[in-house]
Amino acid sequence: MVDALGVAVVGFGWMGRVHTRAYARVGHHYPQLPLRPELLTVAEEVPGRAEEAAARFGFARATRDWREVAADPRVRAVSVTVPNFLHREIGVAMAEAGKHLWIEKPVGLTGADARAVADAVAGAGVQGAVGFNYRNAPAVEAARDLIAGGELGTVTHARFRLFSDYAAHPDAALTWRYERARGGSGVLGDLASHGVDLARFLLGDIASLSADTAVFVPVRARPAGTAAGHARAPGGEPGPVENEDYAGCLLRFASGARGVLEACRVSVGEQNNYGFEVHGTRGAVSWDFRRMNELAVSRGTTYQDQPVSTVYVGPGAGEFAAFQPGAANAMGYDDLKVVEAYRFLRSVAEGRPYGATLADAVHGAAVLDAMVLSAGTRRWVDLPPGPPGGPG
């Protein structure tokens, strides 16, 4: 028997649409799921956008006030896909109203924000999930299994990269993303948060770090009105960019492995160049998001001149079988959000967490805070252990 679960989406930019499509598709890929999402309400403060979303995607009602969602007893689960500065207020309110919460990273502007949301979720006894979608790629899960199974020997060092050009154009509008008060950290919260999650997911806790940050495009133009996505504002009034375009970080893992993490939002010539390389005493594995369903793997006993093979993941890796019948059939970005929706809804159905949790978000935010501190003081910063049991 399948039960209907009333859901709402708060914030309807691109990510709100991605969440909505995931709710619509999840039952197709996971027919065994005992819950069926029912799109009840979409909330978006931009005039006309909620109404358009309701008409296009089939929500029962539209509103400009997210508080109406919190007050509606029919809504049992909420996706929060608003700008970063609203995460804490809305996330806490939804949890305290008894709503299960699927919230986008970085869950606020600081580690304190993430902890406040996590505490509210725990206090209300509801389930919480966080949008660390890249860990859901079947190839990433296969890489984790290789590492955990000792196929690479002892991990010695790794590199995590997240390079993009979405802010590279000098006419890119000075939106909330570039303000401390509303965006918090810049590329740290936007891209490096994913890198931190991948690093912890694959290699465990980060024990200490040393970071550097930079702003390469220090002035941008203010948009004349509401700017969506990464719009441009040529000729607008200039204003300062308040948060970082680039972050580089040296990592020491609790295991003894070393790492490098780099993230940049103004990398000309790079479009979503996200990935990692992990090296061990007997082998290596690497992944590139742009070739999401492949791994480059080197393993054996040759050591020097050991060959590297391309491995196409298939139904035995992660959630691949829910989408494709055989290896080398491609999955895409939106599929990762369907996996995320499934794990969130399974958490709701079974009353136990699956996938990335608020505890993961809290520890990830602590790492980002440590990067800010390290960059400001130019010193190494130690980190406390993560939540028991490691990343989900």
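Definitions and cut-offs
Residues numbered from 1 in each chain as written. Predicted model: local features only at pLDDT ≥ 70, side-chain atom pairs only at ≥ 80, totals over all residues. Heavy atoms only, no water. Helix = DSSP H or I, 4+ residues; strand = E, 2+ residues; numbered from the N terminus. Rg over C-alpha atoms; globule rule 2.2 N^0.38 Å. Buried < 20%, exposed > 50% of the residue type's maximum accessible area, 1.4 Å probe, protein only. Contact = heavy atoms within 4.5 Å. Areas by Shrake-Rupley, 256 points an atom, 1.4 Å probe, with all protein chains shown as cover. Lys, Arg positive; Asp, Glu negative; His and termini not counted. Charge placed at Lys NZ, Arg CZ, Asp CG, Glu CD. Patch = residues over 30% accessible without salt bridge, like charges linked within 9 Å, V, L, I, M, F, W, Y side chains within 5 Å. Salt bridge = Lys/Arg side-chain N within 4 Å of Asp/Glu carboxyl O. Axes fitted to C-alpha atoms, helices over the stretch in contact; angles between N-to-C directions. Parallel < 35°, antiparallel > 145°, perpendicular 65-115°, else oblique. Nonpolar A, V, L, I, M, F, W, Y, C, P; charged D, E, K, R; others polar. Expected span 1.5 Å × (residues − 1). Polar contact = N/O pair within 3.5 Å; in protein donor to acceptor, adjacent residues only side chain to side chain. Core = buried A, V, L, I, M, F, W, Y, C linked by side-chain atoms within 4.5 Å. Left-handed = near helix turned anticlockwise from the far one by under 90°. Pairing = 2+ DSSP bridges.

K.L.:
How do you make sense of the overall build of the protein chain when you look at a structure like this?
P.N.:
When you go through the protein chain residue by residue, the secondary structure sums to 10 helices and 17 strands. Scaling as 2.2 N^0.38, a compact globule of 392 residues should have a C-alpha radius of gyration of about 21 Å, and the protein chain matches this with 21 Å. With respect to the three principal axes, the spread of C-alpha positions in the protein chain is 65 × 55 × 40 Å. For the protein chain, buried positions account for 56% of its 392 residues. Pairs at least 24 residues apart make up 71% of the contacts formed inside the protein chain by residues separated by at least 6 positions. Carbon and sulfur atoms make up 50% of the accessible area of the protein chain, which amounts to about 16200 Å² in all. Separation between the mean location of the 39 positive side-chain charges and that of the 42 negative ones in the protein chain comes to 1 Å.

K.L.:
For this particular structure, what's the right way to read a nonpolar patch on the surface?
P.N.:
Judged by side-chain polarity, Leu250, Val260 and Trp380 come together as a nonpolar surface patch covering roughly 230 Å² of accessible area. In this structure, Leu250 sits in strand β11 (residues 246-253).

K.L.:
What is the right way to look at the packing of helix α6 (residues 138-148) against helix α8 (residues 187-203) in this model?
P.N.:
Helix-helix packing: each pair is described by the crossing angle between the helix axes and the interaxial distance. In contact at an axis separation of 8 Å, α6 and α8 are set at 40 degrees when each is read in the N-to-C sense. If you check the angle between α6 and α8, you find them oblique. In this structure, α6 contributes Val140, Glu141, Ala143, Arg144 and Ile147 to the contact, and α8 contributes Leu198, Phe201, Leu202 and Leu203. Class assignment for the residues of the contact of α6 with α8 results in seven nonpolar, no polar and two charged.

K.L.:
Would you mind going over helix α5 (residues 111-124) with me for this structure?
P.N.:
Along an α-helix, a turn takes 3.6 residues, which lines up residues three or four apart on a common side. Taking 1.5 Å per residue, 14 residues should reach 20 Å; α5 reaches 20 Å between its end C-alpha atoms and fits that length. Burial in α5 covers these residues: Gly111, Asp113, Ala114, Ala116, Val117, Ala118, Ala120 and Val121. Check the buried side of α5 and you find it contacts α4 (87-96), β5 (100-103), β6 (128-130) and α10 (358-377). The opening residue of α5 is Thr110, an N-cap whose side-chain oxygen sits 3.3 Å from the backbone nitrogen of Ala112. Phi turns positive one or two residues past the end of α5, at Gly125, with a value near 70 degrees.

K.L.:
Got a minute to help me understand the nonpolar core in this structure?
P.N.:
When a protein is soluble and globular, its nonpolar side chains tend to lie buried together. Grouped together as the largest cluster of nonpolar side chains are 94 residues, with contacts concentrated most on Phe160, Leu202, Val278, Trp287 and Met371. The leading source of residues in this core is α8, at 10 residues. The contacts of Leu202, once residues within four sequence positions are left out, are Val140, Ala143, Arg144, Ile147, Phe160, Phe276 and Val278.

K.L.:
Can you help me understand the packing of helix α1 (residues 14-29) against helix α9 (residues 333-350) in this one?
P.N.:
Contact pair α1 / α9: the axes reach a minimum separation of 8 Å and the direction vectors enclose 70 degrees. Judged by the inter-axis angle, α1 sits roughly perpendicular to α9. The way α1 lies across α9 gives a crossing that is right-handed. Of α9, the residues touching α1 (which contributes Trp14, Met15, Val18, His19, Arg21, Ala22, Tyr23, Arg25, Val26 and His29) are Tyr333, Asp334, Asp335, Lys337, Val338, Ala341, Tyr342, Phe344 and Leu345. In the contact of α1 with α9, the residues fall into 12 nonpolar, two polar and five charged.

K.L.:
Can you walk me through the sheet that holds strand β2 (residues 35-43) in this structure?
P.N.:
Across a sheet, strands are paired by hydrogen bonds formed along the backbone, either parallel or antiparallel in direction. Spatial ordering of the open sheet is given by β3-β2-β1-β4-β5-β6, a layout of six strands whose pairing is parallel. Looking along the sheet, the strands with just one partner apiece sit at the ends: β3 (61-63) and β6. Ignoring which end each strand starts from, the neighbouring axes of this sheet average 25 degrees apart. Each of β1 (3-10), β4 (77-80) and β5 touches α4; the most contacted strand, β5, lies at about 160 degrees to it.

K.L.:
Sorry, what's going on with the pattern of salt bridges here?
P.N.:
Working definition: two side chains of opposite charge can pair if their charged atoms are close together. Under the defined criterion, the tally for this structure stands at 28 salt bridges. Note that Asp72 and Arg74 form a salt bridge whose closest N and O atoms lie 2.9 Å from each other. Its salt-bridge partner being Arg161, residue Asp288 comes within 3.4 Å of it at the nearest N-O pair. Remark: Arg161 occurs in strand β7 (residues 155-163) and Asp288 occurs in strand β14 (residues 284-288); sequence separation between them is 127 residues. With relative accessibility at 8%, the residue Arg161 sits in the buried group.

K.L.:
Is there a simple way to explain unusual backbone geometry in this structure?
P.N.:
Most peptide bonds take the trans configuration, and most residues that are not glycine carry a negative phi. With omega at 5 degrees, the peptide bond leading from Lys105 into Pro106 counts as cis. Of note, Pro106 is situated in the loop between β5 and α5. Positive phi is not limited to glycine here, since Asn272 has a value of about 50 degrees. Among the structural elements, Asn272 can be located in the loop between β12 (258-264) and β13 (273-280). Its identity as a non-glycine residue notwithstanding, Ala328 has a phi of 75 degrees, on the positive side.

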